Amino acid sequence: MELKSQDMEIILIRHTSVAVSKSVCYGRSNVGLADTFNAEKEILLGKLGLSGSPVVYSSPASRCTRLAESLSPAYLTDGRLHELDFGQWEMLPWSEIPESELNPWMADFVNASPLGGESFVALHRRSVDFVQEISQADDRQVIIVTHAGVIRSLLCHCLGIPLENAFRLQVDYGFVCRISYRGGVPSVRF
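Please read all numbers here as calculations on a predicted model, not as lab measurements.

Criteria and thresholds
- Residues numbered from 1 in each chain as written.
- Predicted model: local features only at pLDDT ≥ 70, side-chain atom pairs only at ≥ 80, totals over all residues.
- Heavy atoms only, no water.
- 1 Å grid on protein atoms, 1.4 Å probe; cavity = no way out; pocket = protein on both sides within 12 Å on 5 of 7 lines; lining within 4 Å.
- Points joined across faces, edges and corners; volume = space filled by probe spheres on them.
- Helix = DSSP H or I, 4+ residues; strand = E, 2+ residues; numbered from the N terminus.
- Nonpolar A, V, L, I, M, F, W, Y, C, P; charged D, E, K, R; others polar.
- Salt bridge = Lys/Arg side-chain N within 4 Å of Asp/Glu carboxyl O.
- Buried < 20%, exposed > 50% of the residue type's maximum accessible area, 1.4 Å probe, protein only.

A. Main features of the layout of surface pockets. Its boundaries defined by the atoms lining it, the largest pocket holds a volume of some 710 Å³. Around the largest pocket, the lining comprises 27 residues; the ones closest to its centre are Arg14, Phe86, Trp94, Arg152 and Phe167. Counting residues per element, the ones that place at least two in the lining of the largest pocket are strand 2 (24-25), helix 3 (99-107), helix 4 (120-134) and helix 5 (148-159). Taken together, the residues that form the lining of the largest pocket break down as 16 nonpolar, five polar and six charged.

Next comes the structure, spelled out in C-alpha cells:
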C-alpha cells in the first residue's frame, strides 16, 4: 500500500461471535451477535490498551457497528468494509448449495463469484482501496472493525501473501492485529 511518509497504525478487529451456526453461509447478511457479546467485548477492549482517541471505521453490518460504538460513539461506516457478498447463497446451509455451483467457487474462490455475489478479488480491491484512501488523512491511529474476509485480504496485501493462501490465516471472532507503517513500510503484529 502506498502511504504518506508519516507513521501510522491501523488496528484491524473482527467482530465478536455471531448467533448463526457455522454450517450456514453468511457474508453480507445482517446477522445477530451471540449472547456472549458483552463478555467478548470486555476481553477485546482489554487487549487493545488504547491511549488517545483513534479514528474508528466500521463495516455497516450491525455485528461490527455495535462493537465500533463501544470504541467510539463517533465511529464512521464504509461499505468497502463489508464481508464477501455470497449472493443467492446467503443464509443457506452450506450443505444445501448445489455442488455444481459450490465446487467451481471452491476451486477458485479468488476469481469465481458465488451465484449473484462477488469474488474475493473484488473484495480485495475494495478493501485495499479503502485503506489507501484513509492513509491519505493525517490520522496516526485508526481502528477498523470488520470481517474475516476483509482482514485476510488486507493481511495478504501487507504481507505479500497470494490471495489463494488467504484462508491459511486464522482470523477468529474478536481477532486483533496491528499494522504499523514506519516510513510507508508495513509491519504486522498479531
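B. Broad picture of the pattern of salt bridges. All chains considered together, the criterion is met by eight salt bridges. The partner of Glu9 in a salt bridge is Arg178, with the nearest N and O atoms 3.4 Å apart. A residue pair is termed long-range when its members are at least 10 positions apart, and Glu9 in strand 1 (residues 8-14) and Arg178 in strand 7 (residues 176-182) qualify at 169 residues. Side by side, Glu9 and Arg178 carry an identical accessibility label, which is buried. Among the salt bridges present, the one from Arg80 reaches Asp129, with a minimum N-O distance of 2.6 Å.

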